[in-house]
Amino acid sequence: AQSVTQPDIHITVSEGASLELRCNYSYGATPYLFWYVQSPGQGLQLLLKYFSGDTLVQGIKGFEAEFKRSQSSFNLRKPSVHWSDAAEYFCAVGDSGYALNFGKGTSLLVTP
Amino acid sequence: DSGVTQTPKHLITATGQRVTLRCSPRSGDLSVYWYQQSLDQGLQFLIQYYNGEERAKGNILERFSAQQFPDLHSELNLSSLELGDSALYFCASSVGLAGPSYEQYFGPGTRLTVT
């Protein structure tokens, strides 16, 4: 069965610092991988996705993620964090045509 | 704005009652998914419809049911409500089922509070 682990429940970074949010998945084949962001009281917004091909994918708001099959990871990165990036981030894995399995989420706090 | 709409935004009701949550997918999307988000369980998949037909079920209680109508909007019916049903309920939609058409776009959610 598919599963997703986000090892960090909370992360605090200073504004302007770089960010990496970790995501590990368990899946037999090459999965579809997604990162979503949820601001307080809001729905989930798709940041980026990986289906196949280039293992480094670019998303919205300056985010990128790298698929590493050997490590079963799909970590999210941003070179310079802005205060508006404070939110909950969810990694998800999916199989074609079916529902997504989400991690528990990582809460990002950005300090001045 | 994802293009997925959900109504109502908030719902407060008493235990034992029944409620209906409504979702309109993005224009052209054929697949609708319902998810429940709670503090203890996180984001859990409930049920999926594709072009009017039920396609997959997740952790959906027997007290809950859903349907997708010919105009592709969907409704989630929750009955005999319990305090533990209080949660944020999301609807998501996708164009299709394979590759990039499988991207799921989420609505703003309906916050259900059972008192």
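Use the structure listed above.
What comes next concerns the included structure. (Residues numbered from 1 in each chain as written. Chains lettered and ligands numbered in written order. Predicted model: local features only at pLDDT ≥ 70, side-chain atom pairs only at ≥ 80, totals over all residues. Heavy atoms only, no water.)

### Some points on the side chain of D8(A)
Residue and element names in this part refer to chain A.
Then step 1. Along the chain, D8 falls in the loop between β1 (3-5) and β2 (10-14).
Then step 2. Taking the relative accessible area as the measure of exposure, D8 reaches 18% and is therefore buried.
Then step 3. There is a polar contact of 2.9 Å between the side chain of D8 and the side chain of R22.
Then step 4. Residues within four places of D8 in sequence aside, it is in contact with R22, G105 and T106. (Helix = DSSP H or I, 4+ residues; strand = E, 2+ residues; numbered from the N terminus. Buried < 20%, exposed > 50% of the residue type's maximum accessible area, 1.4 Å probe, protein only. Polar contact = N/O pair within 3.5 Å; in protein donor to acceptor, adjacent residues only side chain to side chain. Contact = heavy atoms within 4.5 Å.)

### Observations regarding the environment of Y49(B)
Residues and elements named next belong to chain B.
Then step 1. On the secondary structure map, Y49 appears in strand β5 (residues 42-50).
Then step 2. Since its relative accessible area comes to 6%, Y49 is described here as buried.
Then step 3. With 18 residues separating them along the chain, Y49 and Q67 place their C-alpha atoms 7.5 Å apart.
Then step 4. Beyond its immediate sequence surroundings of up to four residues, Y49 is in contact with L30, S31, V32, E54, R55, A66, Q67 and Q68.

### Here we look at the packing of aromatic side chains
Then step 1. Evaluation of the coordinates by the stated rule reveals 16 aromatic pairs over all chains.
Then step 2. Consider the rings of F102(A) and F106(B), whose centres lie 5.9 Å apart with planes at 80 degrees: the pair is edge-to-face. Of this pair, F102(A) sits in strand β11 (residues 100-102) while F106(B) is found in strand β10 (residues 105-106), placing the two residues in two different chains.
Then step 3. Through successive ring pairs, a cluster of aromatic residues spans Y32(A), F34(A), Y36(A), F51(A), F90(A), F102(A), Y35(B), F45(B), F90(B) and F106(B). (Phe/Tyr/Trp six-rings, centres within 6.5 Å; stacked < 30°, edge-to-face > 60°.)

### What to know about the layout of surface pockets
Then step 1. Estimated volume of the largest pocket: approximately 420 Å³.
Then step 2. As for the largest pocket, its lining consists of 20 residues, and the residues nearest its centre are F90(A), Q37(B), S38(B), L39(B) and G42(B).
Then step 3. Contributing elements (two or more residues each) for the lining of the largest pocket: β10 (87-94) of chain A together with β4 (31-38), β5 and β9 (87-94) of chain B. (1 Å grid on protein atoms, 1.4 Å probe; cavity = no way out; pocket = protein on both sides within 12 Å on 5 of 7 lines; lining within 4 Å. Points joined across faces, edges and corners; volume = space filled by probe spheres on them.)

### Considerations on the interface of chain A and chain B
Then step 1. Each side of the interface is counted separately: chain A has 20 residues, and chain B has 23 residues.
Then step 2. Taken over both partners, the interface formed by chain A and chain B buries close to 1700 Å², and the fraction arising from carbon and sulfur atoms is 59%.
Then step 3. Between K49(A) and E103(B) there is a salt bridge, and its shortest N-O distance comes to 3.1 Å.
Then step 4. Put simply, chain A and chain B have 4 residue pairs in polar contact (both at pLDDT 80 or more) between them.
Then step 5. Counting residues per element, the ones that place at least two in the side of chain A that touches chain B are β5 (32-38), β6 (44-50), β10 and β11 of chain A.
Then step 6. Along the lines of polarity and charge, the residues of the side of chain A that touches chain B split into 11 nonpolar, 6 polar and 3 charged. (Buried area = accessible area lost by both parts, 1.4 Å probe. Salt bridge = Lys/Arg side-chain N within 4 Å of Asp/Glu carboxyl O. Nonpolar A, V, L, I, M, F, W, Y, C, P; charged D, E, K, R; others polar.)

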